[in-house]
Amino acid sequence: MADGRHRALESRSLRFTLFTLGAVLVGGIVLLIPPAFLQGTMPPLAGQRPYSALEQEGRDIYVREGCNVCHSQQVRPFKTETDRYGHYSVAGEGVYDRPFLWGSRRTGPDLARVGGKYPDSWHWIHLEDPRRIEPRSNMPAFAFLTKTPLDTSLSSKKLATLRTLGAPYGEEEVNDAASHALADAKAIAASLRADGIALDETQARSEAIAVIAYLQSLGHAIAAQPLDTAKLEDR
Amino acid sequence: MATESIGRVEYDMAVVRGFALSALLWGVVGMAVGLLAAAQLAWPEWNWGPYLHFGRVRPVHTNAVIFGFTLGVVFAGVYYGVQRLCRVRMFSDTLSRLNLWGWNAIIVAAALTLLSGHTSGKEYAELEWPLDVAIAVVWVIFAINVFGTLWRRREQQLYSAIWFWIATILTIAMLHLANSAALPVSWLKSYSAYAGVYDANIQWWYGHNAVGFLLTTPILGLMYYFLPKQAERPIYSHRLSILHFWSLIFIYIWAGPHHLIYSPLPDWAQTFGAAFSIALIFPSWGGMLNGLLTLKGAWHKVRTDPLLKMFIAGLTFYGMSTFEGPMMSIKSVNALSHFTNWTIGHVHSGALGWVGMTCFATLYYLIPRLWHTRLYSLRLAEAHFWAATLGILLYVTPMWVSGVTQGLMWRATNPDGSLAYTFIETVAAIRIYDVLRFFGGAVFFAGVVLMVVNLLQTIRHGSAAIPAEPEPPLAPAVAVAAGGR
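Here the structure is a predicted model, which means the values were calculated and not measured.

Right, let's get into the overall build of chain A. Broken down by element type, chain A carries 13 helices and zero strands. In chain A, the succession of helices and strands from N to C terminus is α-α-α-α-α-α-α-α-α-α-α-α-α. For chain A, the C-alpha atoms occupy an extent of roughly 80 × 45 × 35 Å along the three principal directions. Classification of the 235 residues of chain A by burial places 43% in the buried group. Sequence separation of 24 or more characterises 75% of the internal contacts of chain A that already satisfy a separation of 6 or more.

Of regular secondary structure, chain B possesses 16 helices and two strands. Against the globule reference of 23 Å for 485 residues, chain B gives a C-alpha radius of gyration of 22 Å, in line with a compact fold. Seen through its principal axes, chain B has C-alpha atoms that stretch 85 × 50 × 45 Å. Taking all 485 residues of chain B together, 58% fall into the buried category. Sequence-distant contacts in chain B: of pairs separated by 6 or more residues, those separated by 24 or more amount to 84%.

A few words now on the packing of helix α7 (residues 217-231) of chain B against helix α14 (residues 341-370) of chain B. Residue and element names in this part refer to chain B. At a closest axis distance of 10 Å, the pairing of α7 and α14 adopts a crossing angle of 45°. The pairing of α7 with α14 is recorded here as oblique in orientation. The handedness of the crossing between α7 and α14 is left-handed. Contact residues: I219, L222, M223, F226, K229 and Q230 in α7; W354, V355, T358, A361, T362 and Y365 in α14. Class assignment for the residues of the contact of α7 with α14 results in eight nonpolar, three polar and one charged.

What follows concerns the pairing of strand β2 (residues 189-192) of chain B. Residues and elements named next belong to chain B. When strand β1 (residues 182-186) meets β2, the two strands line up antiparallel, connected through four bridges. When the bridges of β2 are listed, A182 appears paired with S192. Hairpin connection between β1 and β2: a loop of two residues separates the two successive antiparallel strands.

Let us look at helix α3 (residues 93-115) of chain B. Residues and elements named next belong to chain B. When the terminal C-alpha atoms of α3 are compared, their 33 Å separation across 23 residues agrees well with the 33 Å that a helix rising 1.5 Å per residue should span. Three or more residues of α3 are buried, namely L95, S96, N99, L100, W103, N104, I106, I107, A110 and L114. Buried residues along α3 sit in contact with α1 (14-42), α2 (54-86) and α4 (129-151). G117 lies just past α3 and shows a positive phi near 85°.

Moving on, we get to the interface of chain B and chain A. Tallying the contact residues gives 72 residues for chain B and 70 residues for chain A. In terms of residues, the side of chain B that touches chain A owes the most to one element, helix α6 (residues 196-214) of chain B, which gives eight residues. The class makeup of the residues in the side of chain B that touches chain A is 43 nonpolar, 21 polar and eight charged.

Over its 19 residues, α6(B) extends 26 Å from the first C-alpha to the last, a length consistent with the 27 Å expected when each residue adds 1.5 Å. Burial of α6(B) is extensive: 19 of the 19 residues sit out of reach of the surface.

All names here are of chain A. Where helix α3 (residues 53-64) meets helix α10 (residues 177-194), the axes come as close as 7 Å, and the angle between the chain directions of the two elements is 85°. Regarding the angle of α3 to α10, the classification is roughly perpendicular. The residues of α10 that touch α3, namely those facing A53, L54 and E57, are A177, H180, A181, D184 and A185. Grouping the amino acids of the contact of α3 with α10 by side-chain chemistry returns five nonpolar, one polar and two charged.

Once that is clear, we can look at the nonpolar core. Core analysis: the largest hydrophobic core is formed by 207 residues, its most contacted members being V211(A), V16(B), A20(B), A76(B), Y79(B) and L363(B). At 18 residues, α2(B) tops the list of elements feeding residues into this core.

Let's shift gears to the environment of Y214(A). Residues and elements named next belong to chain A. Mapped onto the secondary structure, Y214 falls in helix α12 (residues 207-217). In this structure the C-alpha to C-alpha distance between Y214 and T17, which are 197 residues apart in sequence, comes to 47 Å. Excluding residues that lie within four positions of it along the chain, Y214 makes contacts with E55, G58, R59 and Y62.

Another point: unusual backbone geometry. A cis amide bond links R98(A) with the next residue in sequence, P99(A), at an omega value of -5°. Look at Y124(B): it is not a glycine, yet its phi comes out positive at around 65°. Relative to the helices and strands, Y124(B) is located in the loop between α3 and α4.

All names here are of chain B. Residue position: E232 is located in the loop between α7 and α8 (238-252). Overall, the presence of 13 C-beta atoms within 10 Å leaves E232 in the partly exposed class. Each C-alpha atom, one on E232 and one on A298, is 8.6 Å from the other, the two residues being 66 residues apart in sequence.

All names here are of chain B. Averaged over every residue, the pLDDT of chain B is 94; residues scoring 70 or more account for 95%. Throughout residues 1-6 the model reports pLDDT below 50, and contacts reaching past four residues in sequence, or to other chains, amount to three contacts. Low pLDDT, under 50, characterises residues 475-485; the stretch is placed with 21 contacts to residues that sit more than four places away or in other chains.

Below, the discussion takes up the environment of A110(B). Residues and elements named next belong to chain B. Within the secondary structure layout, A110 lies in helix α3. We classify A110 as buried; it has 23 C-beta atoms within 10 Å. Between the alpha carbons of A110 and L127 there is a distance of 6.5 Å; along the sequence they are 17 residues apart. Residues within four places of A110 in sequence aside, it is in contact with N63, F67, L127 and L131.

Cut-off values and rules
Residues numbered from 1 in each chain as written. Chains lettered and ligands numbered in written order. Predicted model: local features only at pLDDT ≥ 70, side-chain atom pairs only at ≥ 80, totals over all residues. Helix = DSSP H or I, 4+ residues; strand = E, 2+ residues; numbered from the N terminus. Buried ≥ 20, exposed ≤ 12 C-beta atoms within 10 Å, placed from the backbone. Contact = placed C-beta atoms within 7 Å. Rg over C-alpha atoms; globule rule 2.2 N^0.38 Å. Axes fitted to C-alpha atoms, helices over the stretch in contact; angles between N-to-C directions. Parallel < 35°, antiparallel > 145°, perpendicular 65-115°, else oblique. Left-handed = near helix turned anticlockwise from the far one by under 90°. Nonpolar A, V, L, I, M, F, W, Y, C, P; charged D, E, K, R; others polar. Pairing = 2+ DSSP bridges. Expected span 1.5 Å × (residues − 1). Core = buried A, V, L, I, M, F, W, Y, C linked by C-beta atoms within 7 Å. pLDDT = per-residue confidence, 0-100.

Right, dumping it as structure tokens:
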């Protein structure tokens, strides 16, 4: 066979290294380059808007606490999944998601369609102590989020960075991001108080409020889309 | 060059000792943290405050065991093996020191930043951008050091272990640079350069090949170097090495999209991922067989030698998990297994069985030689082997049952077509397996503690200084492979 020629290759370290590089580049190029072009041309789903300043802060906290380690955000096109969660995930939903948060393990349920499913007060209690809502839950309690004031000092810079990457934020949205975030937080705090949850001033502008804003934003654009059941697999 | 060929080459073993010790440390830390993470899933009251809850603890576990422990053993093995296979000292002692201290500083910084919540959110690539830059710098240092050594080598042929290490160095650099691209907001916050589907595509191209080129190719390199040494037999087939090396590295890089089956990733990419994953079984088993058949005529040694037991068990787990992986890439199987504990079980049969066992055997081989003495206790090593094997079975079996149970419950329907179980019912149903898994992990960890005691005792009785008289006759004089490398 080519044993002898390979022996010759084994004595040439530079050539061997270049061959190795070639072998791993082929698959890399095929899998990375064509979808890169798709990315630029991919339209957002109708009604999909970039996250508000408060929602983005909430999303960053969601990532910081590793919520995506246990909660997927990717509904598969199976009847049992669309029955449980809602419309299966589509590409146009993710155009503002940096990073993507599809996850790899559902220790807890998928959250891609959780927006609007429960009232704000449900989320507040659930974050504080999941076992008050569901005694069998093994989710950690995130009570500290309800007591930590939200830091908006980077909000403007965050939206500006996301705008550089392609999110269509207006000038005012970027510049006034912090005050917008606080105004939105006030509205959520009001809805919590209306549901009988007593909040002190720190709690009313806590990180938990931002997380709730983010969770409530999930899956709205897709909810307006009809579900084509013919596309579903019967699993 | 020729003038030195009569004298003994003075290899730099300090860097190997450093990495062997740091690997022991990170192994204990990373696996203890893994045990904590397992406990947190079984008993949620084991989560504490902002710094020690599962969401932050889990990436500390994965980073410590992959980048601290496994890569520490790999660095130790590469620095040990490359010098001997090239018959020359490392290219630069300074670069070796920078590699050792730089890498361990990164691991410390990784643990601290992850516990304080600074994460990019991408699995196995969680570290924020300044650390990503530091990783790139240290990796380049490592690469220059190894390629510089290859360039100056006094042995014409490159032995197969080196092929796998070359592939590791090149591919990890490529994966890390591509996947870590991000735009900083501040020193500890950045946003991925990619969004949504494309971010997922590039992340799992990276993620799966981190498995391929951190947990497979460099470990195969360790196997190709240390197994023949320990067995005192040349590797079974050079031709099989060639076939399996080139096919493995060519095919692996395509397999990433099997993490994204039934996702919004374009179908053609999913199909490539699944097809190449299934093809991957051939080169994987080629490597397994080349290792196992090396024992031909020496199987009796396995009975009394715990190191060989570990190499063989490692290869066997490699064979099993590289059979299981392709199966899980088949759409209908993936529909059941994805998002369940089956995946966690699969990963750990590879990580504890293949990577763990091979790394343990490598440390048991290296440390007595690095400190010029004998292993403190073969019986402790034997006990470690059985604890590890039992621990893996106690870990992986409940994860399989748990995964299949939950997967089936998610899809179960009543006669009228409605869902049979709420999500929380599926959580409650697998709680018992989370408890069992904790105990499996505890048994595995107990084995690691035995190893650390054994190896530290070994070091206590030895000395880093080269003894005055010729080395004691424990390093077998028999050459590895063909031609005395």
